[in-house]
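Next come the chains, spelled out residue by residue.
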Amino acid sequence: MEDIINQASKRRTFAIISHPDAGKTTLTEKLLLYGGAIHLAGSVKARKTAKHATSDWMEIEKQRGISVTSSVLQFDYQGIRVNILDTPGHQDFSEDTYRTLMAADSAVMLIDVAKGVEEQTKKLFRVCKERGIPIFTFVNKLDRFGRSPFDLMEELEKVLGIRAFPMNWPIGIDGNYKGVYNRKLAQIELFDKDGSHGQYALKSTAGSVNDPAFREILGDNVYQALTDDIELLDMAGDQFDFEKVTQGELTPMFFGSAMTNFGVQPFLEEFLRLAPTPTPRQTSEGVAGAESDFFSAFVFKIQANMNPAHRDRIAFIRICSGKFERGMSVLHVQSGKQIKLSQPQQFLAQDRTIVDDAYPGDIIGLFDPGVFGIGDTLCQTGQSLKFQDFPVFPPEQFARVQAKDTMKRKQFLKGMTQLTQEGAVQVFRQPGVIESFVIGVVGSLQFEVLEYRLKQEYGTDILMHQLPYGVARWIASNNVNPQDLKSIDNGMLLEDTKGRPLILITTEWQLGWVRERNPGVEFLATPPDMPHE
Ligand code: G4P
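None of these values were measured; they are calculated from a predicted model.

About the criteria used
- Residues numbered from 1 in each chain as written.
- Predicted model: local features only at pLDDT ≥ 70, side-chain atom pairs only at ≥ 80, totals over all residues.
- Heavy atoms only, no water.
- Helix = DSSP H or I, 4+ residues; strand = E, 2+ residues; numbered from the N terminus.
- Buried < 20%, exposed > 50% of the residue type's maximum accessible area, 1.4 Å probe, protein only.
- Areas by Shrake-Rupley, 256 points an atom, 1.4 Å probe, with all protein chains shown as cover.
- Phe/Tyr/Trp six-rings, centres within 6.5 Å; stacked < 30°, edge-to-face > 60°.
- Lys NZ or Arg CZ within 6 Å of the ring centre and 35° of its normal.
- Near = heavy atom within 4 Å.
- Polar contact = N/O pair within 3.5 Å; in protein donor to acceptor, adjacent residues only side chain to side chain.
- Contact = heavy atoms within 4.5 Å.
- Salt bridge = Lys/Arg side-chain N within 4 Å of Asp/Glu carboxyl O.
- Pairing = 2+ DSSP bridges.
- Axes fitted to C-alpha atoms, helices over the stretch in contact; angles between N-to-C directions.
- Parallel < 35°, antiparallel > 145°, perpendicular 65-115°, else oblique.
- Left-handed = near helix turned anticlockwise from the far one by under 90°.
- Nonpolar A, V, L, I, M, F, W, Y, C, P; charged D, E, K, R; others polar.
- Expected span 1.5 Å × (residues − 1).
- Core = buried A, V, L, I, M, F, W, Y, C linked by side-chain atoms within 4.5 Å.
- Domains from an automatic or database assignment.

Enquirer: Any chance you could explain the overall build of the protein here in plain terms?
Expert: When helices and strands are counted, the protein shows 13 helices and 31 strands. Put simply, the protein has 533 residues, and 55% of those count as buried. Working note: accessible area of the protein is about 22700 Å², and carbon and sulfur atoms make up 48% of it.

Right under this line is the structure:
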């Protein structure tokens, strides 16, 4: 028990959230380098040399040079076991991206200093905030011309509703930065003069930014601007209140440059110091965490065919309590089956390592005999508990699909069933229509992945026809038959796999109109008995 608590206290499990091109791959790679997990810069991503990202497993990913599926990377740094949950960096992210956040205890929000808060970051931020996980901000690309840091702080507050506490502060004028001032250590950290952008640090002998030595190095104007900024921050800015960080109200903000390796190591060290240890999770029988005296874990992602050489499905689980040991038998609560976990795996890139033991906060991959679903619970035999259901994330794009060859219908159905269980797509039926389904996804790349996988894994070609809808709403009403709803002429009435009615309509704007015309009917973004996003 002591051992488990001790091991858990050394774990940090987090996800990096960002908009494509903010530098997530680059930052991840630099973090892995510090952890000694990779030795060659450029091995996580080397698009231009036609090498493939280490998290690119599926053929489709390789062909396109992007990462479709989220992966998990692990390394040790100064006695801390770091688990990075990688979220797809492409515009077409999927529900998988959201679900990955369910396994994280904190998030690093990566922002491009020139671009500020972008669309995908907003969506991912919302999910983190909803879950109440602490968010750390890394403002990247400081080596380039960028926006004013005050401007960025204001944007975080206005757009995301979170206040920021700068841990360091850019030195320079008008977005032309020379390095940072470290507020905690009262030292300036500058890009090296030789242009290598390594780091040159000078600590204040005065213990504050007001140090004549700084003026000498920075020159009058830059020094003046820096001292004015720091004075303003000290006087008008927030205090560092860790309680607020854990409640998702305040974000520690770091400035740096992943590509030039500037500020990455100080960030990593401070982040590991502040980031939460594995957070206990709610179950039907109270919380499960490091202090619980039983093993428990939940499935947050199911991945098929990660390696074309192995035609298998892997379920990724996050351990919440107890010690995991290779070969142990656990109860899969949803099926009531006893399962022996004989080949648990951890992942670094294409390398799979067999794990002998693992602790709360760790992520491991299990061969899925075809019984696991997203959100399922595994626990020690003799226990009976269930983790809370995963939220359903409202799909935004829709298509009608059917098997091209009706003779292949059986494989088609099998494939659709499995892919739905895996959470790759949401499947709906139009009442009275048997030969085709309507599928809903968060990002359109999922359509391509579906088509590709049905062909590769189930030998089925499909006909797919994208539908002009953007909004799905479940219908909750005690007295109105869905068929009798008013003003949904250009919408589509469907049922989900549990027979619950929903409509597809084109825009949120149309939804307002439909609501107005159907008083007494609720239109819900997620199924009535599921937790909301
Ligand atoms: P992503 O995973 O978030 O999509 O971003 P990625 O790391 O692929 O970085 C996107 C681009 O931004 C890359 O340039 C990368 O080199 C660059 N970048 C990342 N960090 C920094 C930084 O700190 N400063 C500057 N100036 N650039 C940075 P690219 O030209 O698209 O690709 P590449 O040729 O560098 O691989």
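Enquirer: Can you walk me through the packing of aromatic side chains in this structure?
Expert: To describe a pair of aromatic rings, one takes the distance between the centres and the angle between the planes. If you walk through the whole model with that rule in mind, you get 18 aromatic pairs. A centroid spacing of 5.7 Å and a plane angle of 40 degrees characterise the contact between Phe 412 and Phe 437, whose relative ring orientation is tilted. With Phe 412 in helix α11 (residues 409-422) and Phe 437 in strand β26 (residues 437-441), this residue pair connects regions lying 25 residues apart in the sequence. Each member of the pair Phe 412 and Phe 437 is classed as buried. Within the aromatic cluster, the residues linked to one another by ring pairs are Phe 14, Phe 136, Phe 138, Phe 254, Phe 267 and Phe 271. Over the aromatic face of Phe 165 sits the side chain of Arg 183, whose NZ or CZ is 4.7 Å from the ring centroid.

Enquirer: Looking at this structure, how should I read the site of the ligand?
Expert: Neighbouring residues of the ligand: 18 residues in total, closest Asp 21, Lys 24, Thr 25, Thr 26 and Asp 143. Take Asp 143: an N or O atom from its side chain is 2.7 Å from a nitrogen atom of the ligand. Note that an oxygen atom of the ligand is positioned 2.8 Å from one of the side-chain N or O atoms of Ser 257. Out of a free accessible area of 700 Å², the ligand has 79% covered by protein chains. Here the shell around the ligand gets 3 residues from one element, more than from any other, and that element is helix α2 (residues 24-34).

Enquirer: Can you help me understand the environment of Gln 426 in this one?
Expert: Considering the arrangement of structural elements, one finds Gln 426 in strand β25 (residues 426-429). As a C-alpha pair, Gln 426 and Phe 398 span 28 residues in sequence and 9.4 Å in three-dimensional space. Not counting residues within four places of it along the chain, the set of residues in contact with Gln 426 comprises Glu 95, Val 392, Phe 393, Pro 395, Val 438, Ile 439, Gly 440 and Trp 474.

Enquirer: Can you walk me through the pattern of salt bridges in this structure?
Expert: Between side chains of opposite charge, pairing is possible as soon as their charged atoms come close. According to the stated counting rule, one finds 22 salt bridges in the structure shown. The shortest N-O distance in the salt bridge between Asp 112 and Lys 141 comes to 3.4 Å. Of the two residues, Asp 112 sits in strand β4 (residues 106-112) while Lys 141 sits in the loop between β5 (135-140) and α6 (149-160), which places them 29 residues apart along the sequence. Asp 112 sits in the buried class, given a relative accessible area of 3%. The salt bridge partner of Lys 184 is Glu 270, with a shortest N-O separation of 3.1 Å. With a gap of 86 residues between them, Lys 184 in the loop between β8 (176-182) and β9 (187-191) and Glu 270 in helix α10 (residues 264-274) connect regions that are remote in the sequence. We classify Glu 270 as buried; its relative accessible area is 12%. A cluster of three or more residues bridged by salt bridges with shared partners is formed by Asp 105, Arg 281 and Arg 318.

Enquirer: Help me out: how do you make sense of the pairing of β9 in this one?
Expert: Along a regular strand, successive side chains alternate from one face of the sheet to the other. The element β9 is extensively covered by neighbouring structure, given that 5 of its 5 residues are classed as buried. For β8 and β9, the ladder comprises 4 bridges, and the chain directions are antiparallel. Considered in β9, the bridge of Gly 179 is made with Leu 190. Between β8 and β9, which pair antiparallel in sequence order, lie 4 residues; one of them, Ala 186, sits at a positive phi of approximately 50 degrees.

Enquirer: Even after reading the chapter, I still don't get the side chain of Gln 74, so can you show me in this structure?
Expert: Of note, Gln 74 is situated in strand β2 (residues 71-77). With a relative accessible area of 17%, Gln 74 lands in the buried category.

Enquirer: Could you clarify how one ought to interpret the sheet that holds strand β30 (residues 501-505) in this entry?
Expert: Taken together, 8 strands build an open sheet; the order of strands is β27-β24-β26-β25-β29-β30-β28-β31 and the sheet is antiparallel. Strands at the two margins of the open sheet, each flanked by one partner only, are β27 (462-467) and β31 (522-524). Between one strand axis and the next, the sheet turns by 40 degrees as a mean value, whatever way the strands run. Two strands pair when backbone bridges link them, and strand β28 (residues 471-476) and β30 are joined in this way by 4 bridges, in the antiparallel orientation. The residue bridging Arg 473 from the neighbouring strand is Ile 503, located in β30. Packing against the sheet, helix α12 (residues 445-458) makes contact with β24 (397-403), β26 and β27, and its axis sits at approximately 170 degrees to β27.

Enquirer: For this particular structure, what's the right way to read the packing of α11 against α12?
Expert: Helix-helix packing is described using two parameters, namely the angle between the two axes and the distance between the axes. Relative to each other, α11 and α12 sit at 125 degrees, their axes nearing to 10 Å. Compared by their axis directions, α11 and α12 come out oblique. The crossing of α11 and α12 is right-handed. In this structure, α11 uses Gln 411, Phe 412, Lys 414, Gly 415, Met 416, Gln 418, Leu 419 and Glu 422 to contact α12, whose residues at the interface are Leu 450, Arg 453, Leu 454 and Tyr 458.

Enquirer: Sorry, what's going on with the packing of α2 against α10 here?
Expert: Orientation of α2 relative to α10, taken along the N-to-C sense of each, is 75 degrees, at an axis distance of 10 Å. Accordingly, the angle class assigned to the pair α2 and α10 is roughly perpendicular. Together, Leu 27, Lys 30, Leu 31 and Tyr 34 of α2 and Val 264, Gln 265 and Leu 268 of α10 make up the contact between the two elements. Here the residues of the contact of α2 with α10 are counted per class, giving 5 nonpolar, 1 polar and 1 charged.

Enquirer: Help me understand α6 in this model?
Expert: An α-helix turns once per 3.6 residues; consequently, residues spaced three or four apart project the same way. Taking 1.5 Å per residue, 12 residues should reach 16 Å; α6 reaches 16 Å between its end C-alpha atoms and fits that length. Positive phi appears at Gly 161, one or two residues downstream of α6, with a value of about 75 degrees.

Enquirer: Explain the nonpolar core to me, please; I cannot follow it from the model alone.
Expert: If you look at the biggest cluster of nonpolar residues, it comprises 63 residues, and the most contacted ones within it are Leu 156, Tyr 181, Leu 218, Leu 226 and Phe 300. The greatest single-element share of this core, amounting to 5 residues, is contributed by helix α8 (residues 220-236). In terms of domain composition, this core takes at least three residues from each of domain 1 (13-76 + 89-274) and domain 2 (281-379). Ignoring any residue separated from it by four or fewer positions in sequence, one finds Tyr 181 in contact with Met 167, Asn 168, Trp 169, Ile 171, Ala 186, Gln 187, Ile 188, Ser 208, Val 209, Phe 214, Leu 226 and Ile 230. Counting residues in each nonpolar core, the second largest holds 29 residues, with Ile 16, Phe 165, Met 167 and Phe 267 among its members.

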